Amino acid sequence: MEQLRQRILADGRALSDRVLLVDSFLNHQVDPQLMRAVGEEFARRFAGDGVTRVVTIESSGIAPAVMTALQMGVPMVILKKSVSSILQDGILQTEVFSFTKNAPYQLTLKRQFVHPGDRVLLVDDFLANGEAAFGAIRLIEQAGAEVIGVGAVIAKMFQPGARRLREAGYRVEPLAPIRRMAEGVIEFE
Ligand code: G4P
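Calculation notes
- Residues numbered from 1 in each chain as written.
- Predicted model: local features only at pLDDT ≥ 70, side-chain atom pairs only at ≥ 80, totals over all residues.
- Heavy atoms only, no water.
- Helix = DSSP H or I, 4+ residues; strand = E, 2+ residues; numbered from the N terminus.
- Buried < 20%, exposed > 50% of the residue type's maximum accessible area, 1.4 Å probe, protein only.
- Lys, Arg positive; Asp, Glu negative; His and termini not counted.
- Salt bridge = Lys/Arg side-chain N within 4 Å of Asp/Glu carboxyl O.
- Polar contact = N/O pair within 3.5 Å; in protein donor to acceptor, adjacent residues only side chain to side chain.
- Near = heavy atom within 4 Å.
- Areas by Shrake-Rupley, 256 points an atom, 1.4 Å probe, with all protein chains shown as cover.
- 1 Å grid on protein atoms, 1.4 Å probe; cavity = no way out; pocket = protein on both sides within 12 Å on 5 of 7 lines; lining within 4 Å.
- Sits in = over half its atoms within 2 Å of the grid points.
- Nonpolar A, V, L, I, M, F, W, Y, C, P; charged D, E, K, R; others polar.
- Pairing = 2+ DSSP bridges.
- Right-handed = clockwise from strand over helix to strand, strands pointing away.
- Contact = heavy atoms within 4.5 Å.

Visitor: Is there a simple way to think about the side chain of Lys156 in this case?
Guide: Note on placement: Lys156 falls in strand β8 (residues 146-156). No salt bridge is formed by the buried Lys156; the nearest opposite charge belongs to Asp17, separated by 8.9 Å. From its side chain, Lys156 meets the backbone oxygen of Arg18 in a polar contact 2.7 Å long.

Visitor: Please explain the site of the ligand as it appears in this structure.
Guide: Near the ligand there are 20 residues, and of these Leu20, Ser60, Lys81, Lys101 and Gly130 occur at the shortest range. The backbone of Arg18 places a nitrogen or oxygen atom 3.4 Å from an oxygen atom of the ligand. Between the ligand and Leu20, the relevant distance is 2.7 Å, taken from a nitrogen atom to a main-chain nitrogen or oxygen of the residue. Across the complex, the protein chains shield 83% of the 720 Å² of accessible surface that the ligand would expose by itself. When atoms are counted within 2 Å of each cavity's grid points, the one that captures over half of the ligand is the largest pocket. Every element with two or more residues in the shell around the ligand is listed here: β7 (119-127) and α5 (131-142). Grouping the amino acids of the shell around the ligand by side-chain chemistry returns six nonpolar, seven polar and seven charged.

Visitor: What's the story with the pairing of strand β4 (residues 76-79) in this structure? I'm lost.
Guide: Remark: a regular strand shows side chains that alternate across the two faces of the sheet. Of the two faces of β4, the one holding Val77 and Leu79 is buried and the one holding Met76 and Ile78 is not buried anywhere. For strand β3 (residues 53-57) and β4, the ladder comprises four bridges, and the chain directions are parallel. Paired with Val54 across the strands is Met76, a residue of β4. Note that the unit made of β3, helix α4 (residues 62-72) and β4 has a crossover that is right-handed.

Visitor: What am I meant to see in the environment of Glu131 here?
Guide: Structurally, the position occupied by Glu131 is in helix α5. Remark: the alpha-carbon pair of Glu131 and Phe97, spanning 34 residues in sequence, is separated by 6.4 Å. Ignoring anything within four residues of it in the chain, the contact list for Glu131 reads Val96, Phe97, Phe99 and Arg164.

Visitor: Even after reading the chapter, I still don't get the pairing of β8, so can you show me in this structure?
Guide: Taking burial as the measure, the 11 residues of β8 include 10 buried ones, the bulk of the element. Regarding the hand of the β-α-β motif, the stretch spanning β7, α5 and β8 is right-handed. As judged from the six bridges shared by β8 and strand β9 (residues 172-182), these two strands associate in the parallel manner. Paired with Ala155 across the strands is Pro177, a residue of β9.

Visitor: Quick question: what am I supposed to make of the environment of Gly90 here?
Guide: Topologically, Gly90 is positioned in the loop between β4 and β5 (91-98). Sequence separation of Gly90 and Gln112 is 22 residues, and the distance between their C-alpha atoms is 7.4 Å. With near-sequence residues (within four places) excluded, Gly90 lies in contact with Leu109, Lys110 and Arg111.

Here is the structure:
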């Protein structure tokens, strides 16, 4: 997706060979027009796949996911990283290890929002090691739904997430697949 690549080159900052700062349009401040274009692109790539729900992980996945769901005309469901005291009945949970935070957290889904037979498109802002995506997939499949694909706005292809997901049989669509980074350098596939 050329518009996204140009934006990453213009406003993103590779802090190291691992960490890309995109907080001016994706992670902190959000560019709604760019997110609308991202949603249109995911909707185009998964058109005809019978997607009935878009699922994401809070918080930075929400903007691209809601724009995708809007384009596809389906609901969007947010997997929560913490359980509120009022959210206790009918929930599914799985533990995810975050490499960036070096700590595990519980990913939570209320059963009533993903149904057996649902065809789910998982959308997230970053795909790195894939731990969050695999956790989300466990919850979606425990709910009896099928994962049609994983849409990543940015995928760091030099980290193992995209490969692991594909090896497990999941379709991965990265809009901006990054092949290599170094301080001040960003190279796309
Ligand atoms: P994994 O799920 O692929 O295994 O990745 P990891 O645990 O390493 O990533 C956890 C968090 O770090 C996620 O956000 C992910 O989006 C983000 N992340 C990973 N690599 C980068 C990067 O190069 N740049 C930026 N900006 N973020 C990255 P999160 O902690 O869940 O935060 P948020 O969704 O609430 O913003």
